[in-house]
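Given next are the chains, with one letter for each unit.
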Amino acid sequence: MTMSPFSNRVKNSDDLVAGDHIYSWRKLFSYAHHGIFVGEGMVIHFTSGSLYRFEYGVTKIAFKLHLRGGTCTTAESDPKSEVLHRANYLLENGGFGKYNLFRNNCEDFALYCKTGLLTIDIDKASGRSGQIADLVKMLPKKIKAKYFSHCVGLGRYGSDVGVRDDVIKVPVEDLVADNSTQDDENDHLQDNDNATQDDEK
């Protein structure tokens, strides 16, 4: 593996270990797609491309030396058995909730699988994605103030799951149960909306 301030390229796929959080750069390195390597060439929530390994447990200095978000975290990884359990459980039992680019994306998925950490109030949080923190930082002040006031001032280091004080460890079984309840509530609301529209006709 080659380590640099930008990313940690995997030169040989034999270097990968089941439970590794890997990513692949897309469209001229403008963003990356993330997933969990589960062995035998299989990855959960991922697509093909050159592979890079996401680093866990880096120091504050090493974190800040990485020039791109979405390549490392100060948070420690859980043992690979727990990482693989979370990834497989989410795959088999309904996934990671509703996709949201800024609060619940593929990097958030992989970070959760590796650490079990989630933000306490996802509606007011900026998510855990380092590359999204970089993106928000580059937006004009007016847009940040209007749409991202909850994360203005955090910066990439402040939004890192390893240093935030608004994250908790959530068992994957509880996460799936919560997502199922929310889906049921959303279906019920949609059914009520449809019934109301039918009555109005």
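Definitions and cut-offs
Residues numbered from 1 in each chain as written. Predicted model: local features only at pLDDT ≥ 70, side-chain atom pairs only at ≥ 80, totals over all residues. Heavy atoms only, no water. Helix = DSSP H or I, 4+ residues; strand = E, 2+ residues; numbered from the N terminus. Contact = heavy atoms within 4.5 Å. Areas by Shrake-Rupley, 256 points an atom, 1.4 Å probe, with all protein chains shown as cover. 1 Å grid on protein atoms, 1.4 Å probe; cavity = no way out; pocket = protein on both sides within 12 Å on 5 of 7 lines; lining within 4 Å. Points joined across faces, edges and corners; volume = space filled by probe spheres on them. Nonpolar A, V, L, I, M, F, W, Y, C, P; charged D, E, K, R; others polar. Salt bridge = Lys/Arg side-chain N within 4 Å of Asp/Glu carboxyl O. Buried < 20%, exposed > 50% of the residue type's maximum accessible area, 1.4 Å probe, protein only.

**Q** Explain the overall build of the chain to me, using residue names and the numbers behind them.
**A** For the chain, the helix and strand inventory stands at 7 helices and 8 strands. Look at the contacts in the chain between residues 6 or more apart in sequence, and 62% of them connect residues 24 or more apart. In the structure as shown, the chain presents an accessible area of about 11500 Å², 54% of it carried by carbon and sulfur atoms.

**Q** A description of the layout of surface pockets should follow, citing residues and the corresponding values.
**A** Estimated volume of the second largest pocket: approximately 300 Å³. Lining the second largest pocket are 16 residues, with S30, Y31, A32, Q131 and I132 sitting closest to its centre. Of all elements in the fold, only strand 4 (31-39) and helix 4 (130-138) reach the threshold of two or more residues within the lining of the second largest pocket. Here the lining of the second largest pocket gets 5 residues from one element, more than from any other, and that element is helix 4. For the lining of the second largest pocket, the per-class residue count stands at 8 nonpolar, 6 polar and 2 charged.

**Q** Give a detailed account of the pattern of salt bridges, specifying residues and quantitative values.
**A** Counting across every chain of the model gives 5 salt bridges. The salt bridge involving D78 is made with R86; its shortest N-O contact spans 2.7 Å. We note that D78, like R86, is buried. The residue D78 makes a salt bridge to K169 at a minimum N-O spacing of 2.9 Å. In this pair, D78 sits in the loop between helix 1 (60-65) and helix 2 (80-92) while K169 sits in strand 8 (residues 167-169), placing the two residues 91 residues apart along the sequence. Looking at D78, the relative accessible area reads 14%, which means it is buried. A single salt-bridge network, built from bridges that share partners, covers D78, E82, R86 and K169.

Geometry only, nothing functional implied.
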